[in-house]
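These are the residues of each chain, in order.
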Amino acid sequence: MLIVEDERRLANSLAAGLTAEGFAVDVVHDGAEGLHRATEDDYDLIVLDIMLPGMNGYRVCAALRSAGNDTPILMLTAKDGEYDEADGLDTGADDYLTKPFSYVVLVARIRALLRRRTRGGAPVIAVGDLVVDPGTRRVRRGDVEVELTAKEFAVLEQLAVNAGRVVSKTQIIEHVWDFAYDGDPNIVEVYVSALRRKLDAPFGRRSITTVRGAGYRLVRDGGGG
């Protein structure tokens, strides 16, 4: 997720809260940098303030939509009025929230936008009898629902979206943590091991394979690794 917000205290507070919810969050504080980051990187959702230095949120949103970028955008503003809301939605924003707002409401709006995107374009992913639903963040192995933590789900989601292809540790870190993560990349191994314990071992599967020196691959049931 990308947050484009020039109020640094608010931006950092939102980032901390959303990270605790299991999202990987990048933060920038001006419109031009937000447009650049949104263009260069692949985000699931953008939280975009309207009143930004250099380039306001309306222009950022319009530029992204004119370039064919369909990432869901939730616009934030200190203004309150139907005209402003119409402006935001007319430029291609998906939702609109007026400051001050409830953090609980923000998270609910974000999850609703992500579910809507899943229904519209990112379907439930099935890899053999493993079913991953990004919209509801639920996972099933056959008829058995498997409980995962937020981080475990995010790692699995990245593997599932790229099922059959090798996904590097760097790709997983950028998706699950953020572009500025400077911790031990071997943290990925911890989460892959947890996924194997929950999704493979109890069901006699070996679906998450290791490709030495390259990363991991999610395969249909029974693959070796």
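Since the structure is predicted, the reported quantities are computational estimates derived from the model, not experimental observations.

## Overview of the nonpolar core
Turning to step 1, where the next piece is worked out: Counting residues in hydrophobic clusters, the biggest one holds 25 residues, and the most contacted among them are Leu156, Leu159, Ile172 and Leu218.
Turning to step 2, where the next piece is worked out: For this core, the secondary-structure elements that each account for two or more residues are strand 6 (125-127), strand 7 (130-133), helix 6 (150-161), helix 7 (169-176), helix 8 (187-200) and strand 11 (215-218).
Turning to step 3, where the next piece is worked out: For this core, the element with the highest residue contribution is helix 6, accounting for six residues.
Turning to step 4, where the next piece is worked out: In this view, leucine 156 contacts Leu130, Val132, Val139, Leu148, Leu195, Leu199 and Leu218; residues no more than four positions away in its chain are not counted.

## Regarding the pattern of salt bridges
Turning to step 1, where the next piece is worked out: Summed over the entire model, instances satisfying the criterion amount to 14 salt bridges.
Turning to step 2, where the next piece is worked out: Of the charged contacts in the structure, one is a salt bridge between aspartate 200 and arginine 141, with a shortest N-O distance of 2.9 Å. With aspartate 200 in helix 8 and arginine 141 in strand 8 (residues 138-141), the pair connects residues that are 59 residues apart, well separated along the chain.
Turning to step 3, where the next piece is worked out: Given the relative accessible area of 3%, aspartate 200 is considered buried.
Turning to step 4, where the next piece is worked out: Classification of arginine 141 as buried rests on a relative accessible area of 1%.
Turning to step 5, where the next piece is worked out: Where lysine 198 meets glutamate 152, a salt bridge forms, and the shortest distance between an N and an O atom there is 2.8 Å. A residue pair is termed long-range when its members are at least 10 positions apart, and lysine 198 in helix 8 and glutamate 152 in helix 6 qualify at 46 residues.
Turning to step 6, where the next piece is worked out: Take lysine 198: its relative accessible area is 29%, and that puts it in the partly exposed class.
Turning to step 7, where the next piece is worked out: Connected through salt bridges with shared partners, the residues Glu5, Glu7, Asp49 and Lys99 form a single ionic network.

## A short note on the UniProt feature "modified residue: 4-aspartylphosphate" (unreviewed entry) in the protein chain
Turning to step 1, where the next piece is worked out: The UniProt feature table records "modified residue: 4-aspartylphosphate" (unreviewed entry) at Asp49.
Turning to step 2, where the next piece is worked out: Mapped onto the elements of the fold, aspartate 49 is located in strand 3 (residues 46-49).

## What to know about the pairing of strand 11
Turning to step 1, where the next piece is worked out: Alignment of strand 10 (residues 208-211) against strand 11, held across four bridges, turns out to be antiparallel. Bridging across to strand 11, threonine 209 finds its partner in arginine 217.
Turning to step 2, where the next piece is worked out: Remark: three residues form the turn of the hairpin made by strand 10 and strand 11, two consecutive strands paired antiparallel; glycine 213 in that turn has positive phi of roughly 80°.

## Side note on helix 8
Turning to step 1, where the next piece is worked out: Compared with the 20 Å implied by 1.5 Å per residue over 14 residues, the 19 Å span of helix 8 between its first and last C-alpha is a close match.
Turning to step 2, where the next piece is worked out: What helix 8 keeps buried is the set Val188, Val192, Ala194, Leu195, Leu199 and Asp200.

## Overview of the side chain of asparagine 69
Turning to step 1, where the next piece is worked out: Relative to the helices and strands, asparagine 69 is located in the loop between helix 3 (57-66) and strand 4 (73-77).
Turning to step 2, where the next piece is worked out: With sequence-adjacent residues up to four places away left out, asparagine 69 is seen in contact with Ala38 and Leu64.

## A few points about the sheet that holds strand 5 (residues 95-98)
Turning to step 1, where the next piece is worked out: In space, the five strands of this open sheet follow the order 2-1-3-4-5, with parallel pairing throughout. Either end of the sheet is taken by a strand with one partner, and the two such strands are strand 2 (26-28) and strand 5. In this sheet, neighbouring strand axes are inclined to one another by 15° on average, regardless of whether the strands run parallel or antiparallel.
Turning to step 2, where the next piece is worked out: Pairing of strand 1 (residues 2-4) with strand 2, which is carried by three bridges, proceeds in the parallel orientation. Looking across to strand 2, one finds that isoleucine 3 is bridged to valine 27.
Turning to step 3, where the next piece is worked out: Docked against the sheet, helix 1 (residues 8-20) engages strand 1, strand 2 and strand 4, running at close to 165° with respect to strand 1.
Turning to step 4, where the next piece is worked out: Of the strands in this sheet, strand 3 and strand 4 are in contact with helix 3, which crosses strand 4 at around 170°.

Calculation notes
- Residues numbered from 1 in each chain as written.
- Predicted model: local features only at pLDDT ≥ 70, side-chain atom pairs only at ≥ 80, totals over all residues.
- Heavy atoms only, no water.
- Core = buried A, V, L, I, M, F, W, Y, C linked by side-chain atoms within 4.5 Å.
- Buried < 20%, exposed > 50% of the residue type's maximum accessible area, 1.4 Å probe, protein only.
- Helix = DSSP H or I, 4+ residues; strand = E, 2+ residues; numbered from the N terminus.
- Contact = heavy atoms within 4.5 Å.
- Salt bridge = Lys/Arg side-chain N within 4 Å of Asp/Glu carboxyl O.
- UniProt positions renumbered as here; feature names shortened; annotations may be inferred.
- Pairing = 2+ DSSP bridges.
- Expected span 1.5 Å × (residues − 1).
- Axes fitted to C-alpha atoms, helices over the stretch in contact; angles between N-to-C directions.

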